[in-house]
Amino acid sequence: MKKISLKVSVVLLAGAFLCSSCIGSFSLFNKYEKWQCNMTSSKIVNGIVGLILQPFCAPVCCLVDAVVLNTIEFWSGSNPLASNTIQQIKGQDGRYYAVKTTKQGYEIKSPTGEVTLLIHNEADDSWSMSQNGVTTEIFRYNADGTIEANLQNGQTLTVSADQAGLDQVRQAIDGTCYAMR
């Protein structure tokens, strides 16, 4: 009885350690799951292969994610497997844009083929937009927690890093104020 209690205690402690404080993106497990669900066009074949691979691959992916990749993501702020992922995002115009995550930021490809880069500069903690060979700084984070936004007319606006600051930037750009729920 004493050995069973010790084993149960160790498993519960390990589970609590792995599931506490920092919950990362678990990108390795998510990539495995996406691959496993979409490896063929047949759900039945995917399910059978999943049953065969699941006892080995899923625990290994979870362990590597929990112990290695999520730790790297917690301390560095970025996940090593997160770059080069592509998502289809529906824009406000109703069209779908391909958004690729890169090491420096994002590459956005419009349905017409135009490419826009959103680039993060770690040295001065700023974000820039590059389109048609022209790079323009959009905003930067200040040491005091505020954001310095660069407006289209060449002026800069320092705002708080919250919804009120975003509303101030929108009003400065459009000259109108949006009603928010």
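Attention here is on the structure that accompanies the text. Here, residues in each chain are numbered from 1, in the same order as that chain's written sequence. Thresholds applied to this predicted model are a pLDDT of at least 70 for local features of residues and 80 or more for the giving and counting of side-chain atom pairs; totals over whole chains, interfaces and linings are not thresholded and use all residues. Think of the side-chain values as coming from all heavy atoms in the structure, minus any hydrogens and water.

The next subject is the overall build of the protein. Helix and strand assignments follow DSSP, with helices taken as H or I runs no shorter than four residues and strands as E runs no shorter than two, numbered in order from the N terminus. The number of helices and strands found in the protein is four helices and eight strands. Ordered by position from N to C terminus, the α and β elements of the protein give α-α-α-β-β-β-β-β-β-β-β-α. Each residue is placed in one exposure class: buried if its accessible area under a 1.4 Å probe, protein chains only, is under 20% of its type's maximum, exposed if it is over 50%, and partly exposed if it falls in between. For the protein, the residues scored as buried account for 18% of the 181 residues in total. Two residues form a contact once any of their heavy atoms are found within 4.5 Å. Counting only contacts in the protein whose residues sit at least 6 apart along the sequence, the fraction spanning at least 24 positions is 16%. Shrake-Rupley sampling with a 1.4 Å probe provides the accessible areas, and residues are treated as covered by the protein chains on show and by no other component. Here the protein has roughly 13400 Å² of accessible surface; of this, 61% comes from carbon and sulfur atoms.

Its twelve residues place the ends of helix α2 (residues 27–38) 16 Å apart at the C-alpha level, agreeing with the 16 Å of an ideal helix rising 1.5 Å per residue. All of the buried residues in α2 are S27, Y32 and Q36. The span one expects for a helix is its residue count, reduced by one, times 1.5 Å.

This part covers the sheet that holds strand β3 (residues 105–109). Strands are labelled as partners when DSSP assigns at least two bridges between them. One open sheet holds the eight strands; their spatial order is β1-β2-β3-β4-β5-β6-β7-β8, and the pairing between them is antiparallel. Among the strands making up the open sheet, the edge pair consists of β1 (86–90) and β8 (156–160). Shown here is a sheet whose adjacent strand axes are inclined to one another by a mean of 25 degrees, direction ignored. Sheet topology note: the strand β6 (residues 134–141)/strand β7 (residues 146–150) ladder contains three bridges and is antiparallel. Bridge pairing in β7 links R140 to E148. Packing against the sheet, helix α4 (residues 163–174) makes contact with β7 and β8, and its axis sits at approximately 155 degrees to β8. The axes are straight lines fitted to the C-alpha atoms, using for helices just the contacting stretch, and the angles between their N-to-C directions are given from 0 to 180°.

A few words now on the nonpolar core. Grouping buried Ala, Val, Leu, Ile, Met, Phe, Trp, Tyr and Cys residues that are joined through side-chain atoms within 4.5 Å yields what is termed a nonpolar core. Listed in full, the five residues of the largest apolar core are I147, A149, L151, V159 and V169. For V159, the contacting residues outside a window of four places in its chain are T146, I147, G165, Q168 and V169.

A pairing counts as a salt bridge when a side-chain nitrogen of Lys or Arg comes within 4 Å of a carboxyl oxygen of Asp or Glu. If you walk through the whole model with that rule in mind, you get three salt bridges. Between D124 and R140 there is a salt bridge whose closest N-O contact spans 3.2 Å. Of this pair, D124 sits in the loop between β4 (115–121) and β5 (126–131) while R140 sits in strand β6, placing them 16 residues apart in sequence. Given the relative accessible area of 22%, R140 is considered partly exposed. The salt bridge partner of R140 is E137, with a shortest N-O separation of 2.5 Å. Each of D124, E137 and R140 takes part in one network of salt bridges that share partners.

Time to look at the environment of W127. Considering the arrangement of structural elements, one finds W127 in strand β5. The exposure class assigned to W127 is buried, which follows from its relative accessible area of 19%. Linking W127 and Y141, residues 14 residues apart in sequence, is a C-alpha distance of 8.8 Å. Not counting chain neighbours up to four residues away, the residues in contact with W127 comprise G105, Y106, L118, I119, H120, E137, I138, F139 and Y141.

All right, on to the packing of aromatic side chains then. By convention, a stacked pair of Phe, Tyr or Trp rings (six-membered ring in the case of Trp) has centres within 6.5 Å and planes under 30 degrees apart, an edge-to-face pair has planes over 60 apart, and any other such pair is tilted. For the structure shown, the criterion picks out three aromatic pairs. Ring centres of Y106 and W127 lie 6.1 Å apart, and the angle between their planes is 15 degrees; on these two criteria the pair is classed as stacked. Taken together, the positions of Y106 in strand β3 and W127 in strand β5 put the pair 21 residues apart, joining distant regions of the chain. Here F139 and Y141 contribute two aromatic rings whose centre-to-centre distance is 5.5 Å and whose plane-to-plane angle is 85 degrees, an arrangement assigned as edge-to-face.

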